[in-house]
Amino acid sequence: YMPDGLDFQTQAQYGELSVSQAIASILPTGSKNDKGKTSTFDKSAFLGAAGRVLLNYAGYVFNPQQQLLFEGINFRSFSMSFTFTPYSSKEAETVKNIITKFRSAAAPQIVTGSLGFLFIPPSQFEISFKSGDKINPYINKLKGCYLQNVDVNYAPNGWSSHTDGSPVQTTLTLAFKEIVLIDSDKIDQGF
């Protein structure tokens, strides 16, 4: 069985840096606090509002020489959504049990006797997608992961229930996060 929705997010972190501000931050200021230094360079005049106004008046705008710098990668996350439409009380009970199992696996246990200060971490998942009895090569392989979010919508198309009160339709969305950073070598291996 495959979920109705399967969404993977791979994110990298980038930061912006102004080369001119970086250079100006390491130059001496020529202030009284810089004893023994001969430079009279004043960063505030060079980069400050007055300097920008003067440049603008002369028909120029200061180029901050922005650079985009790679800072790292995030743990990959993915989500799956399932729509359940039970046609009997027995099927509705099965849906309830599936949802309860995932909600329980996403929650930690509080250690008794620790005054509530300690948790036992939630379950770790090992997930694979298969086509027949083999791993499906068209979907990313996954490392171990934790269930980060469980979203249950008991009325995806408006509230309606069977005579016993069980919802006619329920959507379950599960959001996972891998516990290993996935680099380009792992991606080349199918992850």
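None of these values were measured; they are calculated from a predicted model.

**Q** Please clarify how the environment of Ser88 should be interpreted in this entry.
**A** One can find Ser88 in the loop between strand S4 (77-84) and helix H4 (89-106). Separated by 78 residues in the primary sequence, Ser88 and Ser166 have C-alpha atoms spaced 9.3 Å apart.

**Q** Any chance you could explain the nonpolar core here in plain terms?
**A** Nonpolar side chains in soluble globular proteins tend to end up buried together. Residues Phe78, Met80, Phe125, Ile127 and Phe176 are the most contacted members of the largest nonpolar core, which totals 17 residues. Among the elements of the structure, S4, H4, strand S10 (145-153) and strand S11 (170-178) are those that each provide at least two residues to this core. Contacts of Phe78, omitting those with residues within four sequence positions, involve Asp7, Phe8, Gln9, Ile127, Leu142, Cys145, Leu174, Ala175, Phe176 and Glu178.

**Q** Mind showing me how you'd approach the packing of aromatic side chains here?
**A** A ring pair, where both rings are aromatic, is described by two values, the distance of the centres and the angle of the planes. With the rule as written, the count across this model stands at seven aromatic pairs. Taken together, a centroid distance of 5.3 Å and an interplanar angle of 25° make the contact between Phe8 and Phe78 stacked. Taken together, the residues span a long stretch of sequence, with Phe8 in strand S1 (residues 5-9) and Phe78 in strand S4 at a distance of 70 residues. For the ring pair Phe102 and Phe125, a centre distance of 6.3 Å and an interplane angle of 15° mean the geometry is stacked. A residue pair is termed long-range when its members are at least 10 positions apart, and Phe102 in helix H4 and Phe125 in strand S7 (residues 124-125) qualify at 23 residues. What links up through ring pairs into an aromatic cluster is the set Phe8, Phe78, Phe102, Phe125, Phe129 and Phe176. The ring of Phe191 carries the charged tip of Lys143 above its face, separated from the ring centre by 4.4 Å.

**Q** How should I be thinking about the pattern of salt bridges in this particular structure?
**A** Pairing of side chains with opposite charge becomes possible as their charged atoms draw close. As enumerated under the stated definition, the model contains two salt bridges in all. Two residues, Glu178 and Arg76, come together in a salt bridge whose shortest N-O distance is 2.6 Å. Taken together, the positions of Glu178 in strand S11 and Arg76 in the loop between strand S3 (66-73) and S4 put the pair 102 residues apart, joining distant regions of the chain. An identical accessibility class is assigned to Glu178 and Arg76; each is buried. Close ionic contact of Lys186 with Asp183 constitutes a salt bridge, the shortest N to O distance being 4.0 Å. Judged by relative accessible area, Lys186 falls into the partly exposed class, the value being 22%.

**Q** What is the right way to look at the confidence of the model for the chain in this model?
**A** It should be kept in mind that the predicted coordinates are not to be read in detail where pLDDT is low. On average, the chain scores 87 in pLDDT, and the residues at 70 or more come to 89%. The least confident element of the chain is helix H2 (residues 43-47), whose mean pLDDT is 51; the most confident is S10, at 97.

**Q** What am I meant to see in H4 here?
**A** One full turn of an α-helix is made of 3.6 residues, so residues set three or four places apart face in the same direction. Over its 18 residues, H4 extends 26 Å from the first C-alpha to the last, a length consistent with the 26 Å expected when each residue adds 1.5 Å. Among all positions of H4, only Ala92, Val95, Ile99 and Ala105 are buried. Angular distribution of buried residues about the axis of H4 spans 160°; they occupy a single face of the element. In H4, the exposed residues that point more than 90 degrees away from the buried face are Lys90 and Lys101. Contacts made by the buried residues of H4 are with S4, S7, S10 and S11.

About the cut-offs
- Residues numbered from 1 in each chain as written.
- Predicted model: local features only at pLDDT ≥ 70, side-chain atom pairs only at ≥ 80, totals over all residues.
- Heavy atoms only, no water.
- Helix = DSSP H or I, 4+ residues; strand = E, 2+ residues; numbered from the N terminus.
- Core = buried A, V, L, I, M, F, W, Y, C linked by side-chain atoms within 4.5 Å.
- Buried < 20%, exposed > 50% of the residue type's maximum accessible area, 1.4 Å probe, protein only.
- Contact = heavy atoms within 4.5 Å.
- Phe/Tyr/Trp six-rings, centres within 6.5 Å; stacked < 30°, edge-to-face > 60°.
- Lys NZ or Arg CZ within 6 Å of the ring centre and 35° of its normal.
- Salt bridge = Lys/Arg side-chain N within 4 Å of Asp/Glu carboxyl O.
- pLDDT = per-residue confidence, 0-100.
- Expected span 1.5 Å × (residues − 1).
- Arc of directions from axis to C-beta.

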